[in-house]
Amino acid sequence: MWRWDPMRDWIATYITPYWTTPLLLAVQTLMVMVCLILVMAFYTLAERKVIGWIQARKGPNRVSLPFFPGGAQPFADVIKLMFKEIVIPANASGFLFRLAPFLALVPSLAIWAVVPFAPERAFSNINAGLLYVLALTSMGVYGIILAGWAANSKYAFLGAMRSAAQIVAYEIAMGFAMVGVLMASGSLNMGDIIRAQSGGMFTWNWTWLFPLALVYFISGVAETNRAPFDVAEGESEIVAGFHVDYSGMAFALFFIAEYVNMILISALTVIFFFGGWLSPFDGWTWLVPADSLLAQPGFFWFGLKTLFPMFTFLWLRATFPRYRYDQIMRLGWKALIPVTLVWLAVEGVFFYFHVGPWRGQG
């Protein structure tokens, strides 16, 4: 992912060159995973703080770090979950019950292999990155379905079935939104999708694909079972839905998967529609010199942009009540999918007349 030649040379003096690259890749992967888990942990704290602020409350303020009231709350939560007993229901399918949390978590982590954090900074720069993302984002539902079925509980099974129907509906809309991105960029490679948006913030895909950007993000909220689409775990109706029988670290894996998916959807939204690691001042030499730090692409811009959709997840939860199940299905099948189909047709017209991203082609 990154070129660490001094460390590579140092390691090569102790082990054979054959193992040097795999070891470096393992170290880099571990670093990214640890950083991702830490971001997820503090994201849970940010959620409670932001929602508290919106609702005129303080949020967590007891378990504190120096100069940061409530800052140690994520670590307290982890310690509590680590020492709680994992109870497996007597009539549950033990193997599948244990397997389900991993099926929910692993795809959300595996997608980060193709996420470009900065120019030429991705674990795997594959040409079919968009297909890889589409395939793995649809796999998380298997863990949810399996958790609901393996627990042998009617509440859990009902939550799993709700989630399956919901994700199928919104996965179609999300897939069509990705087709729009493919039409605009002409590539399935994640890095090429970002480079195709070069030229400043008004050449990013959101300007020409704004309806698809909205559909993609709304579908992402539904895919992650977040409010107002959290009927799969509707506390007022089916207790906790598909994970009602999970406790301790088994529950924590579902919890981690949900928040990692939220960060992932935010990052993918930025990559597909908001220029990824590109600077918003890219090409604006009349305002920012080309050699200025503000005009340089990099992880700074990628991370900064990702914060806004992450905040929007929390904003939606604090603002909207939970939709009824029939309302969620109606929104997915009768609103979002038709919008994507219509805008794909509009894109076809843009392409024919060489408008927007297709200007100068042909």
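Cut-offs applied
Residues numbered from 1 in each chain as written. Predicted model: local features only at pLDDT ≥ 70, side-chain atom pairs only at ≥ 80, totals over all residues. Heavy atoms only, no water. Buried < 20%, exposed > 50% of the residue type's maximum accessible area, 1.4 Å probe, protein only. Helix = DSSP H or I, 4+ residues; strand = E, 2+ residues; numbered from the N terminus. Contact = heavy atoms within 4.5 Å. Polar contact = N/O pair within 3.5 Å; in protein donor to acceptor, adjacent residues only side chain to side chain. pLDDT = per-residue confidence, 0-100. Patch = residues over 30% accessible without salt bridge, like charges linked within 9 Å, V, L, I, M, F, W, Y side chains within 5 Å. Areas by Shrake-Rupley, 256 points an atom, 1.4 Å probe, with all protein chains shown as cover. Salt bridge = Lys/Arg side-chain N within 4 Å of Asp/Glu carboxyl O. Axes fitted to C-alpha atoms, helices over the stretch in contact; angles between N-to-C directions. Parallel < 35°, antiparallel > 145°, perpendicular 65-115°, else oblique. Left-handed = near helix turned anticlockwise from the far one by under 90°. Nonpolar A, V, L, I, M, F, W, Y, C, P; charged D, E, K, R; others polar. Phe/Tyr/Trp six-rings, centres within 6.5 Å; stacked < 30°, edge-to-face > 60°.

Among the 11 residues of helix H6 (residues 140–150), eight are classified as buried, and the element is accordingly described as predominantly covered. Every buried residue of H6 is accounted for by Gly140, Val141, Gly143, Ile144, Leu146, Ala147, Gly148 and Ala150. If you follow the buried residues of H6, they end up packed against helix H4 (94–110), helix H5 (129–137), helix H7 (154–185) and helix H11 (248–273). Directly beyond the C-terminal end of H6, a positive phi value near 55 degrees is found at Asn152.

It is worth spelling out the side chain of Asn189 at this point. Note that Asn189 resides in the loop between H7 and helix H8 (190–195). Since its relative accessible area comes to 3%, Asn189 is described here as buried. Side-chain polar atoms of Asn189 contact the backbone oxygen of Ile126, separated by 3.1 Å. One polar contact links the side chain of Asn189 to the main-chain amide nitrogen of Gly191, over a distance of 2.8 Å. Ignoring anything within four residues of it in the chain, the contact list for Asn189 reads Asn125, Ile126 and Asn127.

Here we come to the confidence of the model for the protein chain. Considering every residue of the protein chain, the mean pLDDT works out to 88; 95% of them sit at 70 or more. Least confident of the elements in the protein chain is helix H10 (residues 235–238), whose mean pLDDT is 58; most confident is helix H12 (residues 299–319), at 95.

On the surface, Trp10, Tyr14, Ile15, Tyr18, Trp19, Leu23, Val27 and Met31 cluster together to form a nonpolar patch covering roughly 920 Å² of accessible area. Among the elements that take part in the nonpolar patch, helix H2 (residues 17–54) stands out by supplying five residues, more than any other. Residue position: Trp19 is located in helix H2.

On to the pattern of salt bridges. Under the counting rule described, the total for this entry stands at nine salt bridges. Across the salt bridge formed by Arg322 and Asp230, the nearest N and O atoms sit 3.0 Å from each other. Taken as a pair, Arg322 in the loop between H12 and helix H13 (325–353) and Asp230 in the loop between helix H9 (210–223) and H10 lie far apart in primary sequence, 92 residues in all. The partner of Arg324 in a salt bridge is Asp326, and the shortest N-O contact between them spans 2.9 Å.

For the pair H11 and H12, interaxial distance at closest approach is 8 Å and the crossing angle is 125 degrees. Relative to H12, the element H11 lies oblique. In the packing of H11 onto H12, the handedness of the crossing is right-handed. Across the interface between the two elements, Tyr259, Met262, Ile263, Ile265, Ser266, Ala267, Val270 and Ile271 of H11 pack against Phe302, Lys305, Thr306, Pro309, Met310, Phe313, Leu314 and Arg317 of H12. Here the residues of the contact of H11 with H12 sort into 12 nonpolar, two polar and two charged.

Bringing the environment of Tyr323 into the picture now. Along the polypeptide, Tyr323 turns up in the loop between H12 and H13. Sequence separation between Tyr323 and Gly298 is 25 residues; the distance between their C-alpha atoms is 39 Å. With near-sequence residues (within four places) excluded, Tyr323 lies in contact with Pro228, Phe229, Val231, Ile328 and Leu331.

Here we come to the packing of aromatic side chains. Here the structure, examined in full by the defined rule, presents 27 aromatic pairs. Where Phe202 meets Trp206, the ring centres are 6.4 Å apart and the plane angle is 50 degrees; that geometry is what we call tilted. On the basis of an interplanar angle of 55 degrees and a centroid distance of 5.9 Å, the ring pair of Tyr216 and Phe273 is categorised as tilted. In this pair, Tyr216 sits in helix H9 while Phe273 sits in helix H11, placing the two residues 57 residues apart along the sequence. Looking at Tyr216, the relative accessible area reads 0%, which means it is buried. Here the aromatic cluster, defined as three or more aromatic residues joined through ring pairs, consists of Phe202, Trp206, Phe274, Phe281, Trp284, Phe300 and Trp301.

A separate point is unusual backbone geometry. A cis amide bond links Ala227 with the next residue in sequence, Pro228, at an omega value of 5 degrees. Relative to the elements of secondary structure, Pro228 occurs in the loop between H9 and H10. Phi is positive for Ala56, which is not a glycine, with a value near 60 degrees. For Ala56, the location among the structural elements is in the loop between H2 and helix H3 (73–82). The phi dihedral of Phe67 falls on the positive side, at around 65 degrees, and the residue is not glycine. Position of Phe67 relative to the elements: it lies in the loop between H2 and H3.

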